[in-house]
4 protein chains.
Amino acid sequence: MTIRTVVWNEFAHERENPVVRDIYPDGIHAVIAAALGRETDFEVSTATLDEPEHGLSQTRLDATDVLLWWGHKSHGAVSDAVVERVAGRVHQGMGLIVLHSGHFAKIFKRLMGTPCSLRWREAGERERLWAVNRTHPIVQGVGPSIELPNAEMYGEPFLVPEPLETVFISWFEGGEVFRSGLTYQRGAGRIFYFRPGHETYPIYHNPEIQTVLRNAVRWAYNPVAWPDVAEAPNVPVAEAPEKIEAKGAALHHAGEEGYR
Amino acid sequence: MTIRTVVWNEFAHERENPVVRDIYPDGIHAVIAAALGRETDFEVSTATLDEPEHGLSQTRLDATDVLLWWGHKSHGAVSDAVVERVAGRVHQGMGLIVLHSGHFAKIFKRLMGTPCSLRWREAGERERLWAVNRTHPIVQGVGPSIELPNAEMYGEPFLVPEPLETVFISWFEGGEVFRSGLTYQRGAGRIFYFRPGHETYPIYHNPEIQTVLRNAVRWAYNPVAWPDVAEAPNVPVAEAPEKIEAKGAALHHAGEEGYR
Amino acid sequence: MTIRTVVWNEFAHERENPVVRDIYPDGIHAVIAAALGRETDFEVSTATLDEPEHGLSQTRLDATDVLLWWGHKSHGAVSDAVVERVAGRVHQGMGLIVLHSGHFAKIFKRLMGTPCSLRWREAGERERLWAVNRTHPIVQGVGPSIELPNAEMYGEPFLVPEPLETVFISWFEGGEVFRSGLTYQRGAGRIFYFRPGHETYPIYHNPEIQTVLRNAVRWAYNPVAWPDVAEAPNVPVAEAPEKIEAKGAALHHAGEEGYR
Amino acid sequence: MTIRTVVWNEFAHERENPVVRDIYPDGIHAVIAAALGRETDFEVSTATLDEPEHGLSQTRLDATDVLLWWGHKSHGAVSDAVVERVAGRVHQGMGLIVLHSGHFAKIFKRLMGTPCSLRWREAGERERLWAVNRTHPIVQGVGPSIELPNAEMYGEPFLVPEPLETVFISWFEGGEVFRSGLTYQRGAGRIFYFRPGHETYPIYHNPEIQTVLRNAVRWAYNPVAWPDVAEAPNVPVAEAPEKIEAKGAALHHAGEEGYR
């Protein structure tokens, strides 16, 4: 069984900012894809904003098991149609891993239904991510904590729904805390938000961060697809599990589709 | 303290369908508003689709504590801008009660992030809503179950996120079950989904259903507003709770706003 | 990798009641063990109340990955010490599947912290279990619903904590509903409560029920153990992640253990 | 409406340790009771370990709406019968607020079902509690964070179930984090765990901590009692909501009580 994984990147800062280019000369997606590619059962490719349909055609998404999302300065440039398409595939069972500044990506706000806001500071301060549950599949091979010498601070309150599980909580040198690893399910799709990643520091070169990403792909992978998850089928009276007879007035004609 | 409540209705079937008109001659919103109006500390008004801005101007929403939402055949006619405005107010703390076919309303899908799909059958069959937690504020004065002689069936799977609380589960004569009362929080706003209501049966004339609606308004009311819930303020280095000094390269200039 | 599974049974009604004996001549545990044993990577054994230490010595539990629990009339005969031992192993990561009348087993109440009460009726009525999430690993191979021609009714309210996930909800011929499949985690251990099973009906001979049990064992299996999960280690000042100096008065002497 | 509140204290360190006695000459319970007593609708009293039945007779508990629990070195001296009695009242709807070292109190472990373990260090270090949800009733009047100049550190992982809501997360000077405010429901009773309180620092004299305690009492108060929450009543066939006839063999005689 192969886990078909796509690493998506807006690929902006790496081409504009010399500091970021030095760290990620081929883009953040390239480094992440290489890290994931060490797993022999992952089939890894990348996609970027400036490709046709941002590299996320329906055909490609239909052949994707887990999608990783990096965006920062170009959230607004992502087409609403592509966002809706990605959301639909998550509902059908595609896993989604949202990275760092992706908290404000359209796709994350679309799936959370909340502002996804937070407080932030770019001071290269120290961050320490504590694993709240040491036996969670996502934290295997790391911990009890991951220390990052330089990180952008994200501080609570983080405006997301109560998660299924809180996996990581971060400590920051400057005095704040943040829920840095959170799990959700939306439709049949599993979602993991993972905070680290500011692009002026070599976060995705960190072996422990890479381990978490590999674990997260495996965790988010749902081998069972639910293609018609968004359908609302009418169950005819004759097919009710219990024998009943229709009573009273009806709004719909027999066999009519419902309203949406 | 007054709870300013608005009952919103697309107000379509009551004007087109004689069966529905007989049950709700002045519209579903009128019956619900009358039921809520018995509470002396509720200030109740109504709004409908064909009013300017669907009756939901920013000024009006800013003066609304709890909004009830009825929609069915005209979901698509609701302006995306108004949906976004309502979502914003929910995030700031406005309560939202979504009724029956409102499961497919844009505002509910916007806040859940899921397809909100289900199975259905219109056969006038019997429904019995069981209170899962008898001491929940929303079920006071009713129960242990509410019986509706004629109801449209909604069947699981209901494609919503795992709720904060499951308050009601329905039994249907035809053999299905449904999670009929679910609570959520999105930003500072509390949300209650309540299933009963098909418009060809006099559901909102039922005293127990009316009691649940009054309870739900009280439960959804959040006296504390969070106006800037969607902001993502920068915390300057000099204002960090702990004394730190900026290290390393920076993407942002001092005082610059973050990307959205 | 082998999943070492133990099926525990009080083994009472099968020896006393001719109806039950006819259905389960060698005990419920024997039928469940045979059903699980079809998986080539499960190593399945059984244990019963009247064995020394109820067949659940520390050594045996330490070599058990997933435990299934059947009890009904002899809950009170289970030793408190064994219950505590099983709870400790669940905390360390052993999976636990609690069956039917096990809702009142000491071990289930111990792990839930609630009364675990419910309403019931023994009338051989029809039950239909609806899968709330069709892509959950526990429901693969069955569904959308499982129909049991004869079942004991369990009705809401079921006094358990809000679950991580609601997997099944039951419909009963007599008009009640019940959350029949619920997931929890306690410490590192995953717990699945599964309702069907009344011993005067051949529930565990049902192929779909057997499929759910096999799925549940696989789901509950946690390959990562956490042996010292209950420890509360002191972190000496000199080993704090950040350099600090002790300030103020102390209650504990250096190196002293905490109170429990 | 009066909220009848009891502050329970093992009252040990204040009588043995001069540092603690200086801070709490009449005991921690006296300071907390005085802080709560400022609310005109709270009726506040105290109880301690060495009173008959630890001051928690059934009669007294039946007349208590919210119980606060302080224990540290004498957890083991609390009678199991009293613990069971308190758990029973929580199930019926009494609120419970567990303070600091109470994480290892028998009553907390009884209600959580988990080890409730954590890491700790007594170094008088700085703690900052961040409010994760600024509109939660428990955090009104404080925040965005509460700073304590000297605190005992509690570090993750904290072995409790996933909470209903994470209300506070703590930052510690020495580099750890902790979920310091968590809500649960067990039966009809609401539970709030609140971390601050080490007795060698004047934590409960802090006005913000006192505000949180007052808020928490109000939040935990459930005006609706559920006296028979632990009963498992048989629903006779003749009283089934739907007309059914008993089929098949029965284990129980008509009207017989179920097994427990």
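This is a predicted model, so every value here is computed, not measured.

A.B. asks: Looking at this structure, how should I read the overall build of chain A?
C.D. replies: Across its full length, chain A carries 7 helices and 9 strands. Expressed as lengths along the three principal axes of its C-alpha atoms, the size of chain A is roughly 70 × 40 × 35 Å. Looking at chain A residue by residue over its 260 residues, the buried ones come to 65%. Restricting the contact set of chain A to residue pairs at least 6 apart, pairs at least 24 apart contribute 70%. A gap of 3 Å separates the mean positions of the 25 positive and 34 negative side-chain charges of chain A.

A.B. asks: Just checking my understanding: could you explain the packing of helix 3 (residues 28-37) of chain A against helix 7 (residues 207-220) of chain A for this structure?
C.D. replies: When two helices pack together, you describe them by how their axes are tilted relative to each other and by the distance separating the axes. Residues and elements named next belong to chain A. Helix 7 packs onto helix 3 with a crossing angle of 70° between their chain directions and a minimal axis gap of 9 Å. The pairing of helix 3 with helix 7 is recorded here as roughly perpendicular in orientation. Crossing of helix 3 over helix 7 shows right-handed handedness. Residues Val31, Ile32, Ala35 and Leu36 of helix 3 lie in contact with helix 7, whose contacting residues are Gln210, Leu213, Arg214 and Val217. In terms of residue class, the contact of helix 3 with helix 7 is made up of 6 nonpolar, 1 polar and 1 charged.

A.B. asks: Can you walk me through the relation of the copies chain D and chain C in this structure?
C.D. replies: Between the two chain copies there is a screw-like relation: a rotation about an axis and a shift along it. Turning chain D through 180° and shifting it by 0.0 Å along the axis lays it on chain C, with an RMSD of 0.0 Å. Taken together, these values place the two copies in the relation of a two-fold axis. Among all C-alpha atoms of chain D, that of glycine 113 of chain D lies closest to the rotation axis, at 2.7 Å. Both copies share a contact surface, since 100% of the interface residues of chain D are interface residues in chain C too.

A.B. asks: Help me understand the relation of the copies chain A and chain B, please; the structure alone is not making it clear to me.
C.D. replies: It takes a turn of 180° to lay chain A on chain B, together with a shift of 0.0 Å along the axis; the resulting RMSD is 0.0 Å. An overlap of 100% is found between the interface residues of chain A and their copies at the interface of chain B, pointing to a shared contact surface.

A.B. asks: When you look at the interface of chain A and chain B in this model, what are you seeing that I'm missing?
C.D. replies: A common way to report how large an interface is uses the accessible area buried once the components associate. Facing the 72 residues of chain A at the interface are 72 residues of chain B. Taking both partners together, chain A and chain B bury about 5,600 Å²; carbon and sulfur atoms supply 61% of that area. A per-residue breakdown of the area chain A buries against chain B is headed by Trp120, Lys247 and Leu251 of chain A, which together make up 14% of the total. Among the salt bridges present, the one from glutamate 173 of chain A reaches lysine 247 of chain B, with a minimum N-O distance of 2.9 Å. Applying the counting criterion to the chain A and chain B interface returns 27 residue pairs in polar contact (both at pLDDT 80 or more). Counting residues per element, the ones that place at least two in the side of chain A that touches chain B are helix 2 (18-23), helix 6 (106-112), strand 5 (119-131) and strand 6 (145-155) of chain A.

A.B. asks: How should I be thinking about the interface of chain D and chain C in this particular structure?
C.D. replies: Taken together, the contact between chain D and chain C spans 72 residues of the former and 72 residues of the latter. At the boundary of chain D and chain C, one finds 2 salt bridges. Counting every contact that joins chain D to chain C gives 26 residue pairs in polar contact (both at pLDDT 80 or more). Secondary-structure elements contributing two or more residues to the side of chain D that touches chain C are helix 2 (18-23), helix 6 (106-112), strand 5 (119-131) and strand 6 (145-155) of chain D. In terms of residues, the side of chain D that touches chain C owes the most to one element, strand 5 of chain D, which gives 8 residues. When the residues that make up the side of chain D that touches chain C are grouped by side-chain class, the tally is 32 nonpolar, 19 polar and 21 charged.

A.B. asks: Sorry, what's going on with the environment of glycine 197 of chain A here?
C.D. replies: Residue and element names in this part refer to chain A. With respect to the element layout, glycine 197 can be found in the loop between strand 9 (189-194) and helix 7. Taking the C-alpha atoms as reference, glycine 197 lies 5.5 Å from histidine 100; in sequence the two are 97 residues apart. In contact with glycine 197, not counting residues within four places along its chain, are Trp70, His100, Ile203 and Tyr204.

A.B. asks: It is not clear to me how the sheet that holds strand 6 (residues 145-155) of chain B should be interpreted in this structure. Could you clarify?
C.D. replies: All names here are of chain B. Ordered in space as 2-1-3-4-9-8-7-5-6, the 9 strands form an open sheet in which the pairing is mixed. Strands at the two margins of the open sheet, each flanked by one partner only, are strand 2 (42-48) and strand 6. Put simply, the sheet's adjacent strands are angled 25° from each other on average, direction ignored. Note: strand 7 (residues 165-172) against strand 8 (residues 177-186), 6 bridges, orientation antiparallel. Bridge pairing in strand 8 links tryptophan 171 to valine 177. Set on the sheet, helix 3 (residues 28-36) makes contact with strand 1 (3-9), strand 2, strand 3 (66-70) and strand 4 (95-99); between it and strand 1 the angle comes to about 160°. This element, helix 5 (residues 80-92), spans strand 3, strand 4, strand 8 and strand 9 (189-194) of the sheet and lies at about 115° to strand 9.

A.B. asks: Just checking my understanding: could you explain the packing of aromatic side chains for this structure?
C.D. replies: For any pair of aromatic rings, the description consists of the separation of the ring centres together with the inter-plane angle of the planes. With the rule as written, the count across this model stands at 42 aromatic pairs over all chains. Here the aromatic rings of phenylalanine 192 of chain A and phenylalanine 194 of chain A are separated by 5.6 Å at their centres, their planes lie at 20°, and the arrangement is stacked. For the pair phenylalanine 192 of chain A and phenylalanine 194 of chain A, one class covers both residues: buried. An aromatic cluster of three or more residues is present, and its members are Phe108, Tyr154, Phe158, Phe178 and Tyr193 of chain A. Its end group placed over the ring of phenylalanine 11 of chain B, arginine 15 of chain B keeps NZ or CZ at 4.1 Å from the ring centre. Lying across the ring of tyrosine 154 of chain C, arginine 195 of chain C places its NZ or CZ 4.8 Å from the centre.

A.B. asks: Please explain the confidence of the model for chain A as it appears in this structure.
C.D. replies: Detailed reading of the predicted coordinates is not advisable wherever pLDDT falls low. Overall, the predicted model of chain A reaches an average pLDDT of 97, with 100% of residues at or above 70. Across the predicted assembly, pTM comes out at 0.98 and ipTM at 0.97.

A.B. asks: Is there a simple way to explain the UniProt feature "domain: ThuA-like" (unreviewed entry) in chain A in this structure?
C.D. replies: Here, the residues flagged by UniProt with the feature "domain: ThuA-like" (unreviewed entry) are residues 7-220 of chain A. As annotated, residues 7-220 of chain A comprises 28% helix and 32% strand, and the C-alpha atoms at either end are separated by 14 Å.

A.B. asks: Hey, could you run me through the pairing of strand 8 of chain B in this one?
C.D. replies: Walk down a regular strand and you will see the side chains alternate between the two sheet faces. Residue and element names in this part refer to chain B. The buried fraction of strand 8 is high, at 10 of 10 residues. Counted along the chain from strand 7 to the antiparallel partner strand 8, the turn is 4 residues long, and its residue glycine 175 has a positive phi close to 115°. Across 6 bridges, the pairing between strand 8 and strand 9 is antiparallel. Residue pairing in the sheet places glutamine 185 in a bridge with arginine 190 of strand 9. Between the antiparallel neighbours strand 8 and strand 9 lie 2 residues, among them glycine 187 with a positive phi of about 65°.

A.B. asks: What am I meant to see in helix 7 (residues 207-220) of chain D here?
C.D. replies: For the α-helix, the turn length of 3.6 residues means that residues three or four positions removed from each other point alike. Residues and elements named next belong to chain D. With 14 residues, helix 7 extends 20 Å from end C-alpha to end C-alpha; this agrees with the ideal 20 Å at 1.5 Å per step. Of all 14 residues in helix 7, 11 are buried; the element is thus mostly enclosed. Taken residue by residue, helix 7 has Ile209, Gln210, Thr211, Val212, Leu213, Arg214, Asn215, Ala216, Val217, Trp219 and Ala220 as its buried positions.

A.B. asks: Which parts of the structure should I look at to understand helix 5 (residues 80-92) of chain A?
C.D. replies: Residues and elements named next belong to chain A. With 13 residues, helix 5 ought to run about 18 Å at 1.5 Å a step, and its terminal C-alpha atoms sit 18 Å apart, in line with that. Within helix 5, the full set of buried residues consists of Val82, Val83, Arg85, Val86, Ala87, Arg89, Val90 and His91. Buried residues belonging to helix 5 abut helix 4 (58-62), strand 3 (66-70), strand 4 (95-99), helix 6, strand 8 (177-186) and strand 9. In this structure serine 79 caps helix 5, since a side-chain oxygen of it lies 3.1 Å from the backbone nitrogen of alanine 81. Immediately downstream of helix 5, the backbone of glycine 93 shows phi near 130°, a positive value.

A.B. asks: Mind showing me how you'd approach the environment of glutamate 256 of chain C here?
C.D. replies: Note that glutamate 256 of chain C resides in the segment after helix 7 (207-220). Given the relative accessible area of 25%, glutamate 256 of chain C is considered partly exposed. Between the C-alpha atoms of glutamate 256 of chain C and tryptophan 130 of chain C, which are 126 residues apart in sequence, the distance is 53 Å. Residues contacting glutamate 256 of chain C, with those up to four places away along its chain left out, are Asn234 of chain C together with Trp120 of chain D. Here the side chain of glutamate 256 of chain C touches histidine 252 of chain C through a polar contact of 3.0 Å, side chain to side chain.

A.B. asks: Help me understand the pattern of salt bridges, please; the structure alone is not making it clear to me.
C.D. replies: Charged atoms that come close allow side chains of opposite charge to pair. All names here are of chain B. With the rule as written, the count across this model stands at 72 salt bridges over all chains. Across the salt bridge formed by glutamate 147 and arginine 126, the nearest N and O atoms sit 4.0 Å from each other. One end of the pair, glutamate 147, is in strand 6; the other, arginine 126, is in strand 5 (residues 119-131), with 21 residues separating them in the sequence. Using a relative accessible area of 39% as the deciding quantity, one classes glutamate 147 as partly exposed.

About the thresholds
- Residues numbered from 1 in each chain as written.
- Chains lettered and ligands numbered in written order.
- Predicted model: local features only at pLDDT ≥ 70, side-chain atom pairs only at ≥ 80, totals over all residues.
- Heavy atoms only, no water.
- Helix = DSSP H or I, 4+ residues; strand = E, 2+ residues; numbered from the N terminus.
- Buried < 20%, exposed > 50% of the residue type's maximum accessible area, 1.4 Å probe, protein only.
- Contact = heavy atoms within 4.5 Å.
- Lys, Arg positive; Asp, Glu negative; His and termini not counted.
- Charge placed at Lys NZ, Arg CZ, Asp CG, Glu CD.
- Axes fitted to C-alpha atoms, helices over the stretch in contact; angles between N-to-C directions.
- Parallel < 35°, antiparallel > 145°, perpendicular 65-115°, else oblique.
- Left-handed = near helix turned anticlockwise from the far one by under 90°.
- Nonpolar A, V, L, I, M, F, W, Y, C, P; charged D, E, K, R; others polar.
- Least-squares fit on C-alpha atoms with pLDDT ≥ 70 in both.
- Buried area = accessible area lost by both parts, 1.4 Å probe.
- Salt bridge = Lys/Arg side-chain N within 4 Å of Asp/Glu carboxyl O.
- Polar contact = N/O pair within 3.5 Å; in protein donor to acceptor, adjacent residues only side chain to side chain.
- Pairing = 2+ DSSP bridges.
- Phe/Tyr/Trp six-rings, centres within 6.5 Å; stacked < 30°, edge-to-face > 60°.
- Lys NZ or Arg CZ within 6 Å of the ring centre and 35° of its normal.
- pLDDT = per-residue confidence, 0-100.
- UniProt positions renumbered as here; feature names shortened; annotations may be inferred.
- Expected span 1.5 Å × (residues − 1).

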